Amino acid sequence: MSDAPHAQRQVMASFATHEAADSAIQYLTAEAIPRDQISIRTSDTGLQPVQAPGETDGVVQEDEQRNLRTMGTSIASAGAAMAAAGVVVATGGAALPAVAAAAAAGLGAGAVTQGVSNAATPDVVPDSEKAVAVLTVNVANADQAERAKGVLRKVSAIKVWEE
């Protein structure tokens, strides 16, 4: 067996209120997780909330918005194309000119829909998703990590992760 030290595992959770974080501490200690293994960091309400690594304050980035819009319009286009193909096949080809005219009109409607979607996508994070406290549990083993994650998921944590 190796005597090499292993990295300390941490289970972390973000909370929207100080009260929710305090409640989580009580539940964790009830699950036989010692209080000295639990730490809490809070942010001043005037500062940015503490976030999980790699998180972007809960705001969807511009490239992600573009990807979501593209995916949505692609799915809608594919559905419409399949429906149109079904109509053409069902009518034996007689509906082809009408379907082609509708497809051409749909290209203009798609551009309008994209503009409306851009205007209707605010970069506002709801208060319920803003973290004001982050709990860190220094877990001793995998069992304790799973118990901590289970408790934190059951209480009102915004997000639970492990480092």
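Located above this text is the structure these notes cover.
Described in the following lines is the structure provided in the data block. (Residues numbered from 1 in each chain as written. Predicted model: local features only at pLDDT ≥ 70, side-chain atom pairs only at ≥ 80, totals over all residues. Heavy atoms only, no water.)

### Brief notes about the overall build of the protein chain
So, step 1. For the protein chain, the helix and strand inventory stands at four helices and four strands.
So, step 2. Mapped in sequence order, the helices and strands of the protein chain form the string β-α-β-α-α-β-α-β.
So, step 3. When each of the 163 residues of the protein chain is scored for burial, the buried share is 25%.
So, step 4. Look at the contacts in the protein chain between residues 6 or more apart in sequence, and 81% of them connect residues 24 or more apart. (Helix = DSSP H or I, 4+ residues; strand = E, 2+ residues; numbered from the N terminus. Buried < 20%, exposed > 50% of the residue type's maximum accessible area, 1.4 Å probe, protein only. Contact = heavy atoms within 4.5 Å.)

### A short note on the environment of A140
So, step 1. Within the secondary structure layout, A140 lies in the loop between strand 3 (133–139) and helix 4 (142–154).
So, step 2. The exposure class of A140 is exposed, given its relative accessible area of 55%.
So, step 3. Each C-alpha atom of the pair A140 and I33 lies 9.4 Å from the other, and the pair is 107 residues apart in sequence.

### A look at the sheet that holds strand 3
Sheet strands pair via backbone hydrogen bonds, and the direction of the pair is either parallel or antiparallel.
So, step 1. Within the open sheet, the four strands sit side by side as 2-3-1-4. Their pairing is antiparallel. Only two strands of the sheet have a single neighbouring strand rather than two, namely strand 2 (38–42) and strand 4 (157–162). On average, adjacent strands in this sheet sit at an angle of 20 degrees to one another, irrespective of strand direction.
So, step 2. Of the pairings in the sheet, the one linking strand 1 (residues 9–15) to strand 4 comprises five bridges and is antiparallel in character. (Pairing = 2+ DSSP bridges. Axes fitted to C-alpha atoms, helices over the stretch in contact; angles between N-to-C directions.)

### Notes on helix 4
So, step 1. Taking 1.5 Å of rise per residue, 13 residues should cover 18 Å, and helix 4 covers 18 Å from first to last C-alpha, within 8% of that figure.
So, step 2. Those residues of helix 4 that sit buried are Q144, A145, A148, K149, V151 and L152. Down the axis of helix 4, the buried set is contained in an arc of 165 degrees. They therefore lie on one face. Helix 4 presents R153 and K154 as exposed residues on the side facing more than 90 degrees away from its buried surface.
So, step 3. Along its buried surface, helix 4 packs onto strand 1, helix 1 (18–30), strand 3 and strand 4.
So, step 4. Between the side-chain oxygen of the N-cap and the backbone nitrogen of D143 there are 3.2 Å, and the N-cap of helix 4 in question is N141. (Expected span 1.5 Å × (residues − 1). Arc of directions from axis to C-beta. Polar contact = N/O pair within 3.5 Å; in protein donor to acceptor, adjacent residues only side chain to side chain.)

### Overview of the environment of V134
So, step 1. Summarising the element assignment, V134 is placed in strand 3.
So, step 2. Exposure remark for V134: the relative accessible area of 0% places this residue in the buried category.
So, step 3. Sequence-wise, V134 and A16 are 118 residues apart; in three dimensions their C-alpha atoms are separated by 9.1 Å.

### Remarks on helix 1
So, step 1. In a regular helix each residue adds 1.5 Å, so 13 residues correspond to 18 Å; helix 1 covers 19 Å between its end C-alpha atoms and thus fits that length.
So, step 2. All of the buried residues along helix 1 are A20, A21, A24, I25 and L28. Down the axis of helix 1, the buried side of the element spans an arc of 145 degrees, and every buried residue falls inside it. Residues E19, Q26 and A30 are exposed on helix 1 and point more than 90 degrees away from its buried face.
So, step 3. Of the surrounding elements, those touching the buried residues of helix 1 are strand 1, strand 2, strand 3 and helix 4.
So, step 4. Downstream of helix 1 by one or two residues, A32 has phi in the positive range, about 65 degrees.

### Things to note about the environment of V151
So, step 1. Tracing the sequence through the fold places V151 in helix 4.
So, step 2. Judged by its relative accessible area of 10%, V151 falls in the buried class.
So, step 3. V151 sits 124 residues away from Y27 along the chain, and the two C-alpha atoms are 6.8 Å apart.
So, step 4. If sequence neighbours within four positions are ignored, V151 has contacts with A24, Y27, L28 and E31.

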